[in-house]
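Here is what each chain is made of, one letter per residue.
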Amino acid sequence: MAVRVLLLLGILLFCVAVAEVSSTLKKEDDGDGVQHAGVGQLVVRGVTRRLMQDIDCGGLCKQRCSLHSRPNLCNRACGTCCVRCKCVPPGTAGNRELCGSCYTDMTTHGNRTKCP
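Thresholds applied
- Residues numbered from 1 in each chain as written.
- Predicted model: local features only at pLDDT ≥ 70, side-chain atom pairs only at ≥ 80, totals over all residues.
- Heavy atoms only, no water.
- Core = buried A, V, L, I, M, F, W, Y, C linked by side-chain atoms within 4.5 Å.
- Buried < 20%, exposed > 50% of the residue type's maximum accessible area, 1.4 Å probe, protein only.
- Helix = DSSP H or I, 4+ residues; strand = E, 2+ residues; numbered from the N terminus.
- Contact = heavy atoms within 4.5 Å.

### Comments concerning the nonpolar core
Phase 1 of the analysis: Core analysis: the largest hydrophobic core is formed by 15 residues, its most contacted members being Cys78, Cys82 and Tyr103.
Phase 2 of the analysis: For this core, the secondary structure elements donating two or more residues are α2 (57–64) and α3 (71–85).
Phase 3 of the analysis: Top element by residues in this core is α3. It accounts for five residues.
Phase 4 of the analysis: Other than its neighbours up to four places away in sequence, cysteine 78 contacts Cys61, Arg64, Cys65, Val88, Tyr103 and Pro116.

This is the structure in C-alpha cells:
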C-alpha cells in the first residue's frame, strides 16, 4: 500500500514539473497577439533566467560587410561586436549610433574603433 502511494506521489510530482518547464519554454507575447519568432526571438538563458534577444550574427555581419574592402577582417570584428552588444547596425556602412554606446565605444588595442 505504501509503495503505491509513493509511486502515485512521484508521478504527480513529475507531471507538475513537466507542466512548469513547458510553460516557461513558451514564446513571449507582447500583448499585441504577435509572438516573437526568427531573428527577434526572445530566449531564456543561464541561471539568472534573463530574457536575451537571440540574433543571427553571421548573417547580419555578412550583409554588413558585403561591400567592405577587407570582408574577412570586417566579418571577424563585426562578429565580436555582435556577440558582445547583441546588435548589428543596418546597411553596409554608418548607422553605428543605432546600436548604442556598447557598439560605438568599443576600441582595438590601438584605440581605433573596432566595430564596422
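### Quick notes on unusual backbone geometry
Phase 1 of the analysis: Of note in this structure, asparagine 95 is not a glycine but carries a positive phi near 60°.
Phase 2 of the analysis: Tracing the backbone shows asparagine 95 in the loop between α3 and α4 (101–105).
Phase 3 of the analysis: Of note, asparagine 111 is a non-glycine position whose phi angle comes to about 60°, a positive value.
Phase 4 of the analysis: Within the element layout of this structure, asparagine 111 appears in the segment after α4.
Phase 5 of the analysis: Judged by relative accessible area, which is 65%, asparagine 111 ranks as exposed.

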